[in-house]
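Coordinates in review
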2 protein chains.
Amino acid sequence: MKKYMKKIICVLSGGMDSTTMLYHLIEQGNEVQAISFNYGQRHKVELEKAAATCSKLKIPHKIIDISFIKELVSNSALTSDMEVPEGHYADENMKNTVVPNRNMIMASIAMGYAVNLGYDAVALGVHSGDHAIYPDCRPEFIEKLNEVAKIANYRPVEILAPFLTMDKGDIATLGKSLGVDFSLTHTCYKGQETPCGVCGACVERQEAFEKAESVDPLTS
Amino acid sequence: MKKYMKKIICVLSGGMDSTTMLYHLIEQGNEVQAISFNYGQRHKVELEKAAATCSKLKIPHKIIDISFIKELVSNSALTSDMEVPEGHYADENMKNTVVPNRNMIMASIAMGYAVNLGYDAVALGVHSGDHAIYPDCRPEFIEKLNEVAKIANYRPVEILAPFLTMDKGDIATLGKSLGVDFSLTHTCYKGQETPCGVCGACVERQEAFEKAESVDPLTS
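Residues numbered from 1 in each chain as written. Chains lettered and ligands numbered in written order. Predicted model: local features only at pLDDT ≥ 70, side-chain atom pairs only at ≥ 80, totals over all residues.

**A short note on the overall build of chain A**
Of regular secondary structure, chain A possesses seven helices and five strands. Along chain A, from the amino end to the carboxyl end, the secondary structure elements read β-α-β-α-β-α-α-β-α-β-α-α. Burial status across chain A gives 53% buried among its 220 residues. Intrachain contacts of chain A at a sequence separation of at least 6 include 70% that bridge at least 24 residues. (Helix = DSSP H or I, 4+ residues; strand = E, 2+ residues; numbered from the N terminus. Buried ≥ 20, exposed ≤ 12 C-beta atoms within 10 Å, placed from the backbone. Contact = placed C-beta atoms within 7 Å.)

Encoded structure:
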């Protein structure tokens with residue numbers, strides 16, 4: 001028995017979380033399309049990985065240019081020349097990887113797309129490991145976003161966050177069981193094809209693969 | 001006694017509603033910046049008017065390109081080659097002037113800007129005349145958007161809609177009292193500098209000026 005039978009726009013960063021979510025939503029029997037965002041991130045290789053995953057899974061994929069966000073936002077290490085902080089993801093210094101209101105901007109655009117296509121839902125790959133640092137990854141954000149998404153258009157749109165209470169280790173474990181091709185994902189904030197191994201994102205990825213008793217194809 | 005003393009990002013379309021709101025928020029003693037959006041609208045002249053108003057009022061103004069919205073949205077007469085409907089704005093045929101989720105997308109981006117600048121609020125010029133047709137102009141939308149805007153970032157952002165319960169005639173009346181330069185506003189959906197006089201937007205503008213016992217400088 002499939003849990004969902006919905007038409008879903010999946011916000012796909014090209015990282016391991018949203019990529020695993022894409023596999024999961026397809027496996028659950030949903031009709032899925034993916035949307036990715038170019039926001040001037042220095043780790044643009046993730047967009048190529050996102051496209052490669054969609055091509056492999058044969059699902060429609062759109063990349064939307066929201067690089068205007070660079071103009072609005074001067075304080076994030078992800079979009080500026082500021083040094084990417086090293087160390088653990090949950091550390092205080094990770095706060096400068098925040099792009100203000102990024103998830104709400106991306107969700108709003110994905111919602112417009114869903115309405116236009118007659119789709120039911122937008123799915124975000126947020127998980128519990130993001131909660132400490134990113135307010136727009138927390139359960140109360142998803143809940144309130146859902147409230148506005150219900151009434152913002154003629155068609156209600158549901159905001160799904162199937163990994164909201166899972167951590168990155170749980171996601172790596174699920175991904176392993178679903179046969180996710182993790183070679184087509186990217187995590188490192190520094191933007192090289194080969195993970196730097198020392199930025200917060202790399203450290204978290206390594207921990208996730210260890211927890212899943214799995215091997216990261218990018219570093220093996 | 002000033003009603004507000006806030007730092008506000010004003011979403012300025014260049015139409016008479018948001019332009020009047022800008023004057024109003026300044027008159028109320030707030031610190032204001034304006035943001036406008038190029039979403040591929042055929043009535044682009046409104047962006048030039050918005051810039052002219054900000055220049056006249058000496059406030060910072062940013063125009064953000066969100067023309068990606070054209071790619072996502074195929075069914076709106078405002079962004080495609082579809083015929084702009086004539087007749088009264090509140091008619092059923094005005095539904096094809098809806099760009100899905102437009103206000104939420106614009107508000108989300110303005111919120112990101114507000115957070116980055118350390119501003120308190122985002123103001124939208126929605127009014128009661130919009131409610132019938134546009135779900136994202138209704139009081140419940142503003143209310144729910146406010147709920148999510150409070151918690152989406154480290155700083156809460158307030159969503160203001162000072163004209164929410166006013167109609168376009170009330171706005172024209174207020175604008176008259178504030179000395180708004182209505183020659184620096186644009187309303188016609190067809191995009192000519194000179195109003196066509198027959199599209200729904202033009203019809204509503206004429207009615208508003210009549211109700212305010214005022215004369216529209218664009219047609220006089």
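On we go.
**Considering the interface of chain B and chain A**
Counting residues at the interface gives 31 residues for chain B and 31 residues for chain A. Of all the secondary structure elements, the ones that give two or more residues to the side of chain B that touches chain A are β3 (61-65), α3 (69-72), α4 (102-117) and α5 (139-151) of chain B. Looking at the side of chain B that touches chain A element by element, the count peaks at nine residues for α4 of chain B. When the residues that make up the side of chain B that touches chain A are grouped by side-chain class, the tally is 19 nonpolar, seven polar and five charged. (Nonpolar A, V, L, I, M, F, W, Y, C, P; charged D, E, K, R; others polar.)

**Focus on the confidence of the model for chain A**
All names here are of chain A. Mean pLDDT over chain A works out to 87, with 85% of the residues at or above the 70 mark. In the model, residues 76-80 has pLDDT below 50 throughout and makes 23 contacts with residues more than four positions away in sequence or in other chains. The ipTM assigned to the predicted complex is 0.87, against a pTM of 0.89. (pLDDT = per-residue confidence, 0-100.)

**Topic: the relation of the copies chain B and chain A**
In screw terms, the move from chain B to chain A is a rotation of 180 degrees and a rise of 0.0 Å along the axis, fitting with an RMSD of 0.0 Å. A rotation of that kind, with that shift, is consistent with a two-fold axis. Across chain B, the rotation axis passes nearest the C-alpha of Ile-105 of chain B, at a separation of 3.1 Å. Of the interface residues in chain B, 100% have counterparts in chain A that sit at the interface too, so the contact is made through matching surfaces. (Least-squares fit on C-alpha atoms with pLDDT ≥ 70 in both.)

**Remarks on helix α7 (residues 200-211) of chain B**
Residues and elements named next belong to chain B. End to end, α7 covers 17 Å across 12 residues, agreeing with the expected 16 Å (1.5 Å per residue, within 8%). Listing the buried residues of α7 in full gives Gly-200, Ala-201, Cys-202, Val-203, Glu-204, Arg-205, Ala-208 and Phe-209. For α7, the secondary structure elements touched by its buried residues are α1 (16-27) and α6 (168-178). (Expected span 1.5 Å × (residues − 1).)

**Some words on the pairing of strand β2 (residues 31-38) of chain B**
Residue and element names in this part refer to chain B. With six of eight residues buried, β2 is to be regarded as a mostly interior element. Note that strand β1 (residues 7-11) and β2 share five bridges and pair parallel. Directly across from Ile-8, in β2, lies its bridge partner Val-32. The β-α-β motif built from β1, the intervening α1 and the parallel element β2 has right-handed crossover chirality. Sheet analysis places β2 next to β3, joined by five bridges and oriented parallel. Its bridge partner being in β3, Ala-34 is matched across the sheet by His-61. (Pairing = 2+ DSSP bridges. Right-handed = clockwise from strand over helix to strand, strands pointing away.)

**Considering the sheet that holds strand β5 (residues 158-160) of chain A**
The strands making up a sheet associate through backbone hydrogen bonding, with each pair oriented either parallel or antiparallel. All names here are of chain A. Read from one edge to the other, the open sheet built from five strands follows the order β3-β2-β1-β4-β5, with strand pairing classed as parallel. Edge positions in the sheet fall to β3 (61-65) and β5, since each has one partner strand and no second. The average angle at which neighbouring strand axes cross in this sheet is 25 degrees, direction not considered. In the packing of helix α2 (residues 45-57) onto the sheet, contacts are made with β2 (31-38) and β3, and the angle to β2 comes to roughly 165 degrees. (Axes fitted to C-alpha atoms, helices over the stretch in contact; angles between N-to-C directions.)

**Some thoughts on the environment of Cys-202 of chain B**
All names here are of chain B. Mapped onto the secondary structure, Cys-202 falls in helix α7. By C-beta crowding, Cys-202 is classed as buried, having 21 other C-beta atoms within 10 Å. For the pair formed by Cys-202 and His-131, sequence separation is 71 residues and the distance between their alpha carbons is 18 Å.

**Here we look at the packing of helix α4 (residues 102-117) of chain A against α4 of chain B**
Taken N-terminus to C-terminus, the directions of α4 of chain A and α4 of chain B make an angle of 170 degrees; their axes are 9 Å apart at the nearest point. The pairing of α4 of chain A with α4 of chain B is recorded here as roughly antiparallel in orientation. When α4 of chain A is examined against α4 of chain B, the residues Met-104, Ile-105, Ser-108, Ile-109, Met-111 and Gly-112 of chain A are found in contact with a partner set consisting of Met-104, Ile-105, Ser-108, Ile-109, Met-111 and Gly-112 of chain B. Partitioning the contact of α4 of chain A with α4 of chain B into residue classes produces eight nonpolar, four polar and no charged. (Parallel < 35°, antiparallel > 145°, perpendicular 65-115°, else oblique.)

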